[in-house]
Amino acid sequence: LRNLTAEEKQAFQNKKNELNQQIFDDQLGFTLVWELLTEAKKPIIGHNFMLDILFMMSHFNDQITYEYEKFKQELSSMFPTIYDTKTISFSKRFQHLFPSGNSLGEIHQLSCNPDQKDFCDVEIILDERFSKYKVDEESKEQSHVYHEAGYDAYVTGHVFLKMFANAIEEEDKQYRNRVHIHKCNFHFRQDAEDELCLSLIHI
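In this report, the structure presented in the accompanying data block is examined. None of these values were measured; they are calculated from a predicted model.

Using the criterion set out here, one finds zero disulfides in the structure. Of all cysteine sulfurs, the one in Cys120 lies closest to Cys112, which takes part in no disulfide; the gap is 14 Å.

As structure tokens, this is what we get:
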């Protein structure tokens, strides 16, 4: 046993602080991602993700307000621009393609069909580290692992680009900040009054 020098004590303390910070960061988990997303103010894209928005706000933000208009303001301050591929799929351009349903998987598989001309001709190149999601060169089929967080995020981005890459300004205005609500005749409008979706009403 011996007494540590001042330099050794400082080095030991620095190492201890680094370890504590690492443990703290691990405990924070997705909160760090949430902070990056809210600070970046980049467009947020999801599919039928109203509940996802509520879940994230309730877990990673302050307590959700019970005032509807105030909730819209808070959401808009964090994410000024959001797009919902479910909402876009109800447009006149795509609605006829989904007579039986417009789940994320159904839209994705249809958008991968080279003969389907309603979608934009966009080449999407995956990073080599995500080879699990790539198309098999022999079978020409892609591994589908829906409901895996990384894959669902990739597929949502893929679908959005295929549907919206060539959108004109008027289309962008029509679907920006509009989120589908399951079994509801209204779309949630983040920056305006909610609108009645007449195309969803079956009389």
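Looking now at the packing of helix α3 (residues 50-60) against helix α4 (residues 68-78). Two elements in contact, α3 and α4, have axes whose closest approach is 12 Å; the angle formed by their N-to-C orientations is 85 degrees. The pairing of α3 with α4 is recorded here as roughly perpendicular in orientation. In this structure, α3 uses Met50, Ile53, Leu54 and Met57 to contact α4, whose residues at the interface are Phe71, Glu74, Leu75 and Met78. Class assignment for the residues of the contact of α3 with α4 results in seven nonpolar, no polar and one charged.

Counted by the stated rule, this structure contains eight salt bridges. Lys72 serves as the salt-bridge partner of Asp194, at 2.9 Å between the closest nitrogen and oxygen. In this pair, Asp194 is assigned in the loop between β4 (186-189) and β5 (195-196) and Lys72 in helix α4, connecting sequence segments 122 residues apart. Judged by relative accessible area, which is 25%, Asp194 ranks as partly exposed. Among the salt bridges present, the one from Asp191 reaches Arg189, with a minimum N-O distance of 4.0 Å. Put simply, Arg178, Arg189, Asp191 and Glu195 are held in one network by salt bridges that share partners.

On to the sheet that holds β5. The sheet built from three strands is open, its strands ordered β3-β4-β5 with antiparallel pairing. Of all strands in the sheet, those with a lone pairing partner are β3 (178-179) and β5, marking the two edges. By the bridge criterion, two bridges tie β4 to β5 in an arrangement that is antiparallel. Across the sheet, the residue bridging to Phe186 is Leu196, located in β5.

Here we come to the layout of surface pockets. Here the largest pocket is characterised by a volume of approximately 940 Å³. What lines the largest pocket is a set of 28 residues, among which Ile45, Gly46, Asp152, Ala153 and Thr156 lie closest to the centre. When residues of the lining of the largest pocket are traced back to their parent elements, those giving at least two are α2 (30-40), β1 (44-46), α3, α6 (104-111) and α7 (149-164). Ranked by residue count, the leading element in the lining of the largest pocket is α7, at six residues. Across the lining of the largest pocket, the residue classes tally to 18 nonpolar, eight polar and two charged.

A few words on unusual backbone geometry. Backbone geometry at Asn177 places phi at a positive 60 degrees, although glycine is not the residue there. In the Ramachandran plot, Lys183 falls in the positive-phi region, its phi being about 55 degrees despite a non-glycine side chain. Mapped onto the elements of the fold, Lys183 is located in the loop between β3 and β4. Residue classification places Lys183 among the exposed residues on the basis of a relative accessible area of 77%.

Attention shifts here to the packing of aromatic side chains. The tally for this structure, following the rule as stated, stands at 12 aromatic pairs. Seen in terms of ring centroids, Trp34 and Phe79 are 5.3 Å apart; in terms of plane orientation they differ by 85 degrees. Their pairing is edge-to-face. Separated by 45 residues along the polypeptide, Trp34 in helix α2 and Phe79 in the loop between α4 and β2 (82-84) bring together distant segments of the chain. As far as burial versus exposure is concerned, Trp34 and Phe79 are alike and both buried. Ring geometry for Tyr68 and Phe188: centres 6.1 Å apart, planes at 75 degrees, overall edge-to-face. Placement of the pair is Tyr68 in helix α4 and Phe188 in strand β4, with a sequence separation of 120 residues. Aromatic rings pair up to connect Phe30, Trp34, Phe60 and Phe79 into one cluster. Lys72 extends its terminal NZ or CZ atom over the ring of Phe188, reaching a point 5.5 Å from the ring centre.

Rules and cut-offs
- Residues numbered from 1 in each chain as written.
- Predicted model: local features only at pLDDT ≥ 70, side-chain atom pairs only at ≥ 80, totals over all residues.
- Heavy atoms only, no water.
- Disulfide = S-S within 2.5 Å.
- Axes fitted to C-alpha atoms, helices over the stretch in contact; angles between N-to-C directions.
- Helix = DSSP H or I, 4+ residues; strand = E, 2+ residues; numbered from the N terminus.
- Parallel < 35°, antiparallel > 145°, perpendicular 65-115°, else oblique.
- Contact = heavy atoms within 4.5 Å.
- Nonpolar A, V, L, I, M, F, W, Y, C, P; charged D, E, K, R; others polar.
- Salt bridge = Lys/Arg side-chain N within 4 Å of Asp/Glu carboxyl O.
- Buried < 20%, exposed > 50% of the residue type's maximum accessible area, 1.4 Å probe, protein only.
- Pairing = 2+ DSSP bridges.
- 1 Å grid on protein atoms, 1.4 Å probe; cavity = no way out; pocket = protein on both sides within 12 Å on 5 of 7 lines; lining within 4 Å.
- Points joined across faces, edges and corners; volume = space filled by probe spheres on them.
- Phe/Tyr/Trp six-rings, centres within 6.5 Å; stacked < 30°, edge-to-face > 60°.
- Lys NZ or Arg CZ within 6 Å of the ring centre and 35° of its normal.

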